[in-house]
Amino acid sequence: MRSGEMAKLTQLIDNEVFRAYATYTTIVLLKMMLMSLITAYFRITRKAFVNPEDTASFGKGESAKKYLRTDPDVERVRRGHLNDLENIVPFLGIGLLYALTGPELSTALLHFRIFAGARIVHTFAYLIPLPQPGRGLSWAVGYAVTISMAYKVLKTAMYL
Amino acid sequence: MRSGEMAKLTQLIDNEVFRAYATYTTIVLLKMMLMSLITAYFRITRKAFVNPEDTASFGKGESAKKYLRTDPDVERVRRGHLNDLENIVPFLGIGLLYALTGPELSTALLHFRIFAGARIVHTFAYLIPLPQPGRGLSWAVGYAVTISMAYKVLKTAMYL
Amino acid sequence: MRSGEMAKLTQLIDNEVFRAYATYTTIVLLKMMLMSLITAYFRITRKAFVNPEDTASFGKGESAKKYLRTDPDVERVRRGHLNDLENIVPFLGIGLLYALTGPELSTALLHFRIFAGARIVHTFAYLIPLPQPGRGLSWAVGYAVTISMAYKVLKTAMYL
């Protein structure tokens, strides 16, 4: 790699708004990845699998087949995981573009922190579960933050 | 934030191809986010929920339990939402890389506009629903645009 | 487009680490898109559809309704597709940020190659299917690579 280019790239990641974006995006993506482990944990402890090859260690035939079933806890984590995908993907894309529009550092941090906090609260609200409107509100807060960043992107960069 | 870096970032978002990418990506991500609201609308109007805590406002016990059910309209929106994820995620990633390969502005705009148009038509085709092959064709058009951009990325930047 | 900006963008895509990221990201996203075609293939050959309008070519009424059903092969591909989304989205985001932290080219290539290989093995393990722990291990390898990149991003760029 030529060192001049390396320097240019490093400059991007040295930018404080971009570093904040990198930090909070990595945090929410790691949080989303955690859902896979929680799903696996519930599948194993509840003995609720979906693929026949996953129950082979429980023996053959009917004895293993009874573990091919759905479990409310497993399904709940999976819904939380899908909700993460539906909301974190827009944050990933719109947040990147927003960070490149050159917002004030404090404004950008406010957006990123509220979004990450809202998604973490949403996960707890889904998994405990908290009574509504706990989950609904945490979802709406993350949604509103993404809309606010999208507005800034379109206002700054719109080119139809 | 140091102003030199800010300037560099602003230069990226000042690039017309990148601005076009930012605009159309934001539009399709907002369109995808709209699916959440449509799902919520159908869940509430059809009274079809999946989490017990979401039906608590309808009373306790059996009277609320009957609203824990699937509804064809809700499921239809959810399938459209998942199809968006499956197709807009590749556009998000491959489109960004494509924008950085330095395509002609007119060619890039053609790709982005057709993709965004195809996904909007796909949503209408799914929700109305239009007779096939309306939905299939709109899906295929967006798919082909993404393949075309992927080809440009690999031709320009391939480094295995 | 001003040619000075074009040059700056081209510099990013000329960077070897970034080109490697672009190449492997495009490969795994194309692989994920392939799941849509495999789903369509199984839906058509197994005659297992989910939308009434998709079965209209088989006639009207009861004769077409029997094709509105789930099929184990179709569901298997769909689970593989969703697993791709859950794992490739974090790679897309964290990998981009990782590429911008200026890692050694050889280290970056190692991460990207192992991730892409793991996801391709995962797909074969899911679709054939291979006995466990084939699928589980290939999933875990891709997961570990993403965690490793996330660690580098946070170590280099953390700004809370």
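Residues numbered from 1 in each chain as written. Chains lettered and ligands numbered in written order. Predicted model: local features only at pLDDT ≥ 70, side-chain atom pairs only at ≥ 80, totals over all residues. Heavy atoms only, no water.

**Comments concerning the nonpolar core**
Then step 1. With 102 residues, the main nonpolar core has A:Phe18, B:Phe18 and C:Phe18 as its most contacted residues.
Then step 2. Setting aside its immediate chain neighbours within four residues, A:Phe18 contacts A:Leu12, A:Ile13, A:Leu96, A:Ala99, A:Leu100, C:Leu97 and C:Leu100. (Core = buried A, V, L, I, M, F, W, Y, C linked by side-chain atoms within 4.5 Å. Buried < 20%, exposed > 50% of the residue type's maximum accessible area, 1.4 Å probe, protein only. Contact = heavy atoms within 4.5 Å.)

**A short note on the relation of the copies chain B and chain C**
Then step 1. Superposing chain B onto chain C takes a rotation of 120° combined with a translation of 0.0 Å along the rotation axis, leaving an RMSD of 0.0 Å. When the rotation and shift are considered jointly, the pair of chain copies conforms to a three-fold rotation axis. When C-alpha positions in chain B are compared against the rotation axis, the closest is assigned to B:Val89, at 4.3 Å.
Then step 2. Of the interface residues in chain B, just 18% have counterparts in chain C that sit at the interface too, so the contact is made through distinct surfaces. (Least-squares fit on C-alpha atoms with pLDDT ≥ 70 in both.)

**Let's talk about the relation of the copies chain C and chain A**
Then step 1. Take chain C, turn it by 120°, move it 0.0 Å along the axis, and it overlays chain A with an RMSD of 0.0 Å.
Then step 2. An asymmetric contact is evident, with only 18% of the interface residues of chain C recurring at the interface of chain A.

**Structural notes on the interface of chain B and chain C**
Then step 1. With 39 residues of chain B in contact, the opposing surface of chain C contributes 42 residues.
Then step 2. Overall, the association of chain B and chain C removes approximately 3,500 Å² of surface from exposure, summing both partners, and the carbon and sulfur fraction of that is 69%.
Then step 3. At the junction of chain B with chain C, the criterion picks out three salt bridges.
Then step 4. Linking chain B with chain C are twelve residue pairs in polar contact (both at pLDDT 80 or more), by the criterion used here.
Then step 5. For the side of chain B that touches chain C, the secondary-structure elements that each account for two or more residues are helix H1 (3-14), helix H2 (16-45), helix H4 (72-100) and helix H6 (134-157) of chain B.
Then step 6. The element that contributes the greatest number of residues to the side of chain B that touches chain C is H4(B), accounting for 14 residues.
Then step 7. Residues of the side of chain B that touches chain C, tallied by class, amount to 26 nonpolar, seven polar and six charged. (Buried area = accessible area lost by both parts, 1.4 Å probe. Salt bridge = Lys/Arg side-chain N within 4 Å of Asp/Glu carboxyl O. Polar contact = N/O pair within 3.5 Å; in protein donor to acceptor, adjacent residues only side chain to side chain. Helix = DSSP H or I, 4+ residues; strand = E, 2+ residues; numbered from the N terminus. Nonpolar A, V, L, I, M, F, W, Y, C, P; charged D, E, K, R; others polar.)

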